[in-house]
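# Coordinates in review
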Amino acid sequence: MMVVSGAIEPGVLDINEMTYAIRRALWFWIKYKPYNIEKGRGYDDVADVTRVVNGGDMRLAERQAAYIFCESVFL
């Protein structure tokens with residue numbers, strides 16, 4: 001977070017608003033392409049995508065459980 005003259009730089013906190021959060025997430029996925037459906041491996045992709053998006057394995061088990069749940073609902 002940047003501080004300019006004792007105030008937070010304009011726009012920095014916008015990420016907390018849903019519209020901006022979605023836009024920034026979409027930008028990230030379009031720019032970095034952490035997942036490619038043609039090369040997809042399903043469940044095994046969760047760890048790779050987590051590393052790209054988060055820079056590590058933060059909350060990986062939770063994401064893997066969410067993937068299994070979503071797969072059971074949508075597939």
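The sections below set out a description of the structure shown in this document.

### Let's talk about the environment of Asp 48
Following the sequence through the fold, Asp 48 ends up in helix α2 (residues 45–54). Spatially, the C-alpha atom of Asp 48 lies 8.5 Å from that of Tyr 35, the residues being 13 residues apart in sequence. Looking at Asp 48, its side chain comes within polar contact range of the side chain of Arg 41, at 2.6 Å.

### Quick notes on the packing of α2 against helix α3 (residues 60–74)
Between α2 and α3, the least distance of the axes is 10 Å, while the angle of their chain directions is 130 degrees. Taken together, the axes of α2 and α3 are oblique relative to one another. Considering the relative orientation of α2 and α3, their crossing is right-handed. Between α2 and α3, the residues in contact are Val 46, Ala 47, Thr 50 and Asn 54 and Leu 60, Arg 63, Gln 64 and Tyr 67, respectively. Across the contact of α2 with α3, the residue classes break down as four nonpolar, three polar and one charged.

### Some remarks on unusual backbone geometry
Not every positive phi belongs to a glycine, and Lys 33 is a case in point at roughly 45 degrees. Mapped onto the fold, Lys 33 is located in the loop between α1 (18–32) and α2. Take Lys 33: its relative accessible area is 59%, and that puts it in the exposed class. The backbone of Arg 59 sits at a positive phi, close to 60 degrees, despite the residue not being glycine. Inspection of the secondary structure puts Arg 59 in the loop between α2 and α3.

### Here we look at the pattern of salt bridges
Tallied over the entire structure, the rule returns four salt bridges. Taking the shortest distance from any N to any O, the salt bridge between Arg 41 and Asp 45 comes out at 3.4 Å. By relative accessible area, Asp 45 is classed as buried at 8%. Arg 59 is paired through a salt bridge with Glu 62; the nearest N and O atoms lie 2.8 Å apart. For Glu 62, a relative accessible area of 48% gives the class partly exposed. The network of salt bridges with shared partners includes Arg 41, Asp 45, Asp 48 and Arg 51.

Reading the values: rules and limits
Residues numbered from 1 in each chain as written. Predicted model: local features only at pLDDT ≥ 70, side-chain atom pairs only at ≥ 80, totals over all residues. Heavy atoms only, no water. Helix = DSSP H or I, 4+ residues; strand = E, 2+ residues; numbered from the N terminus. Polar contact = N/O pair within 3.5 Å; in protein donor to acceptor, adjacent residues only side chain to side chain. Axes fitted to C-alpha atoms, helices over the stretch in contact; angles between N-to-C directions. Parallel < 35°, antiparallel > 145°, perpendicular 65-115°, else oblique. Left-handed = near helix turned anticlockwise from the far one by under 90°. Contact = heavy atoms within 4.5 Å. Nonpolar A, V, L, I, M, F, W, Y, C, P; charged D, E, K, R; others polar. Buried < 20%, exposed > 50% of the residue type's maximum accessible area, 1.4 Å probe, protein only. Salt bridge = Lys/Arg side-chain N within 4 Å of Asp/Glu carboxyl O.

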